[in-house]
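Working through the structure, step by step
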Amino acid sequence: MTKRLYIETVGCQMNVLDSELIVSGLIQVGYELVDSPSNADTILYNTCSVRQHAEDKIYSALGRLRPLKEQRPEAIIGVLGCMAQKDQANIFRRADHVDLVVGPGQFNRLPQILEEVAAQRHREPRMEISLDRMTEKRSDVEESFGKFDPPRPPELRASPHQAMVRIMFGCDKFCTYCIVPKVRGPEQSRTAADIEAEVRRLAADGCVEVLLLGQTVNSFKDTTEGKLLRLSDLLARLNEIDGLRRIKFVTNYPRHMSDDLLQAVRDLPKVSPYLHVPVQSGSNDQLKRMKRGYTVEYYREMVERIRATIPHVAISSDFIVGFCGETEEDFQKSIEIVRWARFKNSFIFKYSQRPGTKAADTMPDDVPDAVKRRRNNELLAVQNAICLEDSLALQGRELEVLVEGTSKSQQKRTSQSSEIPSNASSNTVQLVGRTVYDQIVVFDGPRTLAGQILPVRVEKVDAFTLFGRVASSGAAKT
Ligand code: SAH
Ligand code: SF4
Ligand code: F3S
């Protein structure tokens, strides 16, 4: 039997990485990736529960698969990831054509589970999820959230030059609005030795940039070597790896922004001076209701400490607007902190009540949607104005850019036309790359530049993109 696999992914970088690892594992046992459910024998959705919208999207996609399942009952439809862990058997009730529900703690067994489901003569709904951390013993729950970090053959990685590397699983913070600790399980760090071995392998395969992932990445700790190893120690080890050029990490939790980490970012040349440290709100009342564990004063002091330690650092944030009880005054304080901190970037979300969280159980979702929307737009406008000012200040400057590959518009142009692109005579295409601050830079050059770090002179900007040309001094450099 051919095993044609279609997979769709929503959610955060953890999910993108999980899907990458799932696909790589399944290709190794004979699956082939296809780009539409109608061509597939196995259709998987890797899901997110962080906001209602992400779940609605998946339930509608499942609804659209009903006719396909009626025509081809042997096709396997699977719901994976955070929503699988959250909704469990309710998924079969809402979509009875789903064959399989697999939580994020069970991914290492996915190839075997799929094989078993395919072999069944009379298909029963199959559910593989981890234990509920609200009712079971922590050690049992930890064990039930199996770690998932299989080796990736280089040819199966999404990009040959960049890779995401998980350094920890789960979250223990239980911010009152957030479903992640429940669906991703208890916080568990991988060992520094495992991570280092993985990054060494990646670098040997040609990877020049790693993005270390964790829900609270700066609370990483490893005690298996007889002493406490923190994120700063891990960064120091990774900094020594030959061939590796850049190290980034997300997401930082404000309370764990320790001085040793800031000094490591300052002193280790491969670590990007870019810190994503979400504040979520500029109001102490809101931070308390969110149970974030810090005050606005603490956060401001932390920003000052970061800027005093790391020259030319960029800081970015997340915000939730319209969380329970948010007054206009609270909201103005979020605007204030954006203006004060001049974040490089902010991801802004309207509060979405998540059943199973403390906020859903104890606090009314009392800000009307229209108000949430208005506040979202207002905060976004303030942030965007800062982004534009920052971009304009870069005009004429030369920036070090890691070339990622062809730009999206170039890809569209090439795929729409069966002919060779008009500027192909010189082999020049539109390329896209990133600075150490994660700024997107678009410029022309040959595809062969992918994976190199080059100086690019910025000629034109908008709020989110810098446009430029490879600086002549760097054209010959790799
Ligand atoms: N671990 C990370 C982020 C995890 S989720 C951290 O602590 O920063 C990514 C972002 O989604 C959060 O930072 C928060 O801004 C947002 N978010 C989480 N739960 C949400 C909810 N119920 N409604 C709206 N936004 C939410
Ligand atoms: Fe969610 Fe808070 Fe954990 Fe981030 S730190 S994943 S917002 S509970
Ligand atoms: Fe969503 Fe799960 Fe990530 S809930 S944000 S995919 S950890």
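Residues numbered from 1 in each chain as written. Chains lettered and ligands numbered in written order. Predicted model: local features only at pLDDT ≥ 70, side-chain atom pairs only at ≥ 80, totals over all residues. Heavy atoms only, no water.

1. Overview of the overall build of the protein chain
Regarding its fold elements, the protein chain presents 17 helices and 21 strands. A globule of 478 residues ought to have a C-alpha radius of gyration of about 23 Å, and the protein chain, at 23 Å, matches this closely. Projected onto its principal axes, the C-alpha positions of the protein chain cover 65 × 60 × 55 Å. For the protein chain, the proportion of its 478 residues judged to be buried stands at 53%. When contacts within the protein chain are restricted to residue pairs at least 6 apart in sequence, long-range pairs at least 24 apart make up 73% of them. Only carbon and sulfur atoms are counted for the fraction: they give 50% of the accessible area of the protein chain, which is about 21,500 Å². (Helix = DSSP H or I, 4+ residues; strand = E, 2+ residues; numbered from the N terminus. Rg over C-alpha atoms; globule rule 2.2 N^0.38 Å. Buried < 20%, exposed > 50% of the residue type's maximum accessible area, 1.4 Å probe, protein only. Contact = heavy atoms within 4.5 Å. Areas by Shrake-Rupley, 256 points an atom, 1.4 Å probe, with all protein chains shown as cover.)

2. Some thoughts on the packing of helix H11 (residues 259-267) against helix H13 (residues 296-309)
Orientation of H11 relative to H13, taken along the N-to-C sense of each, is 35°, at an axis distance of 9 Å. For the pair H11 and H13, the sense of crossing is right-handed. Two secondary-structure elements touch here, H11 through Asp259, Leu262, Gln263 and Arg266 and H13 through Arg305, Ile306 and Thr309. Residues that form the contact of H11 with H13 fall into these classes: 2 nonpolar, 2 polar and 3 charged. (Axes fitted to C-alpha atoms, helices over the stretch in contact; angles between N-to-C directions. Left-handed = near helix turned anticlockwise from the far one by under 90°. Nonpolar A, V, L, I, M, F, W, Y, C, P; charged D, E, K, R; others polar.)

3. A few points about the packing of aromatic side chains
If you walk through the whole model with that rule in mind, you get 8 aromatic pairs. With a centroid separation of 6.4 Å and 75° between ring planes, the pair formed by Tyr253 and Tyr294 is classed as edge-to-face. A residue pair is termed long-range when its members are at least 10 positions apart, and Tyr253 in the loop between strand E13 (246-250) and H11 and Tyr294 in the loop between helix H12 (284-290) and H13 qualify at 41 residues. With a centroid separation of 6.2 Å and an interplanar angle of 35°, the aromatic rings of Tyr294 and Tyr299 are classed as tilted. Among the residues examined, Tyr299 registers a relative accessible area of 0% and is labelled buried. (Phe/Tyr/Trp six-rings, centres within 6.5 Å; stacked < 30°, edge-to-face > 60°.)

4. Here's the deal with the confidence of the model for the protein chain
Detailed reading of the predicted model is not advised wherever pLDDT is low. Residue-level pLDDT values for the protein chain average 94, and 95% of them are 70 or greater. Low pLDDT (under 50) marks residues 474-478, which in the prediction has 8 contacts with non-local residues, meaning those over four places away or in another chain. (pLDDT = per-residue confidence, 0-100.)

5. Notes on the sheet that holds strand E7 (residues 162-166)
With parallel pairing, 3 strands are arranged side by side in an open sheet as E7-E10-E13. The open sheet has two free edges, formed respectively by E7 and E13, since each of these has just one partner strand. Within this sheet the neighbouring strands show an average axis-to-axis angle of 20°, counted without direction. Relative to E13, strand E10 (residues 209-213) runs parallel, the two sharing 5 bridges. Bridge pairing links Leu213 to Val250 in E13. Strands E7, E10 and E13 of the sheet are contacted by helix H1 (residues 13-28), whose axis makes an angle of about 105° with E7. (Pairing = 2+ DSSP bridges.)

6. Details of the layout of surface pockets
Estimated volume of the second largest pocket: approximately 560 Å³. Lining the second largest pocket are 22 residues, and of these His312, Leu394, Arg397, Tyr437 and Gln439 lie nearest its centre. Of all elements in the fold, only strand E15 (314-321) and strand E17 (398-406) reach the threshold of two or more residues within the lining of the second largest pocket. Broken down by element, the lining of the second largest pocket gets its largest block of residues, 3 residues, from E17. Here the residues of the lining of the second largest pocket are counted per class, giving 10 nonpolar, 3 polar and 9 charged. (1 Å grid on protein atoms, 1.4 Å probe; cavity = no way out; pocket = protein on both sides within 12 Å on 5 of 7 lines; lining within 4 Å. Points joined across faces, edges and corners; volume = space filled by probe spheres on them.)

7. Focus: the site of ligand 2
In the vicinity of ligand 2, the contacting residues are Cys171, Lys173, Phe174, Cys175, Tyr177, Cys178, Val180, Pro181, Gln215, Thr216 and Arg292. Among the residues forming the shell around ligand 2, the class breakdown is 7 nonpolar, 2 polar and 2 charged. (Near = heavy atom within 4 Å.)

8. Some remarks on the nonpolar core
Grouped together as the largest cluster of nonpolar side chains are 67 residues, with contacts concentrated most on Leu212, Phe249, Leu275, Tyr299 and Ile306. Excluding residues within four positions of it along the chain, Tyr299 makes contact with Pro254, Val277, Pro278, Val279, Tyr294, Ile315, Ser317, Ile337 and Phe343. (Core = buried A, V, L, I, M, F, W, Y, C linked by side-chain atoms within 4.5 Å.)

9. Describing the sheet that holds strand E16 (residues 345-350)
One open sheet holds the 3 strands; their spatial order is E14-E15-E16, and the pairing between them is parallel. A single partner strand is all that each edge strand has here, and the edge strands are strand E14 (274-276) and E16. Neighbour to neighbour, the strand axes of the sheet diverge by 15° on average, direction disregarded. Of the strand pairs in this sheet, E14 and E15 are connected by 3 bridges, and their pairing is parallel. The partner of Leu275 across the bridge, within E15, is Ile315. Contacting E14 and E15, H13 crosses the sheet at an angle of about 160° to E15.

10. Let's talk about the environment of Val442
Mapped onto the elements, Val442 comes out in strand E19 (residues 440-446). For Val442, a relative accessible area of 10% puts it in the buried group. Separated by 24 residues in sequence, Val442 and Leu466 place their C-alpha atoms 6.2 Å apart.

11. Some details on empty space enclosed by the protein
Applying the stated criterion to the full structure yields 1 cavity of 30 Å³ or more. Breaking the lining of the largest cavity down by element, the ones donating at least two residues are H1 and strand E8 (168-169). Among the residues making up the lining of the largest cavity, the classes are represented as 6 nonpolar, 5 polar and 3 charged. Residue-level mapping places the lining of the largest cavity at the junction of two domains, with at least three residues from each of domain 1 (3-142) and domain 2 (154-392). (Domains from an automatic or database assignment.)

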